[in-house]
Amino acid sequence: MTMTSTCDLCDLHKGDTSGAFRVLPPVFRSFGGRAAFAGPVTTVKCFEDNTSVKAALESPGHGRVLVVDGAGSLRRALIGGNIAAAAARNGWAGVVVDGCVRDLAELAACDVGLFALAPMPLPTERRQAGLVDVVVQIQGVRVQPGDWLVADADGIVVLVAGA
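Basis of the calculations
Residues numbered from 1 in each chain as written. Predicted model: local features only at pLDDT ≥ 70, side-chain atom pairs only at ≥ 80, totals over all residues. Heavy atoms only, no water. Buried < 20%, exposed > 50% of the residue type's maximum accessible area, 1.4 Å probe, protein only. Helix = DSSP H or I, 4+ residues; strand = E, 2+ residues; numbered from the N terminus. Arc of directions from axis to C-beta. Contact = heavy atoms within 4.5 Å. Pairing = 2+ DSSP bridges. Right-handed = clockwise from strand over helix to strand, strands pointing away. Salt bridge = Lys/Arg side-chain N within 4 Å of Asp/Glu carboxyl O.

To continue, consider helix α1 (residues 6-13). Here α1 has its buried residues at Thr6, Leu9 and His13. Down the axis of α1, the buried set is contained in an arc of 60 degrees. They therefore lie on one face. In the core, the buried residues of α1 are packed alongside β1 (21-23), β11 (148-152) and β12 (155-159).

Right, let's get into the pairing of strand β3 (residues 37-45). Most of β3 sits out of view: 7 of its 9 residues are buried. As paired strands, β3 and strand β4 (residues 65-69) are joined by 5 bridges and run parallel to one another. Bridging across to β4, Val44 finds its partner in Val68. Viewed along the sheet, the connection from β3 through helix α2 (residues 51-57) into β4 turns out right-handed. As judged from the 2 bridges shared by β3 and strand β8 (residues 131-132), these two strands associate in the antiparallel manner. Bridging across to β8, Val44 finds its partner in Val132.

Attention now goes to the pattern of salt bridges. Close approach of charged atoms lets side chains of opposite charge pair. Counted according to the given criterion, the structure contains 6 salt bridges. Linking Asp147 and Arg22 is a salt bridge whose minimum nitrogen-to-oxygen distance equals 2.4 Å. Taken together, the residues span a long stretch of sequence, with Asp147 in the loop between β10 (141-143) and β11 and Arg22 in strand β1 at a distance of 125 residues. Note on accessibility: Asp147 and Arg22 belong to one class, buried. The shortest N-O distance in the salt bridge between Arg102 and Asp103 comes to 3.8 Å. Note on Arg102: relative accessible area 25%, which makes it partly exposed.

This part takes up unusual backbone geometry. Backbone geometry at Ala71 places phi at a positive 60 degrees, although glycine is not the residue there. With respect to the secondary-structure elements, Ala71 resides in the loop between β4 and β5 (77-79). Even without being a glycine, Asp133 presents a positive backbone phi close to 55 degrees. Of note, Asp133 is situated in the loop between β8 and β9 (136-138).

As structure tokens, this is what we get:
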């Protein structure tokens, strides 16, 4: 399957003022073994606790992309090598984390796309579950379950399904 690049999508939708096409700010770095990925969005909203992230990625992904609203926290890693390996094993296309990751060598070896803000070696404390499949704000950009996300070396774009 060929994937349309984010640049081509931006060219195609550059006049879109409907809000159906959105571009995330260029603050994310690629950490996973797949440089490019696309799929329908599932969301998790959590803060410095990856209980719901782990549960989601340990379930069948069916080619989806998990978008994690970690509130941009740089204090704890929401995904590490074991969780990324579970995502790859369970058929997730990718993960976008508005927060940090850890175990960089392990992440790079996983066949899953993974974009996040930065590396951070500290793990989370598992205290409470986050919210699943809710509308989130990722760096000020609205992302909702069912949207379509495309990520590659040039950036990350989100489209309303069918746009």
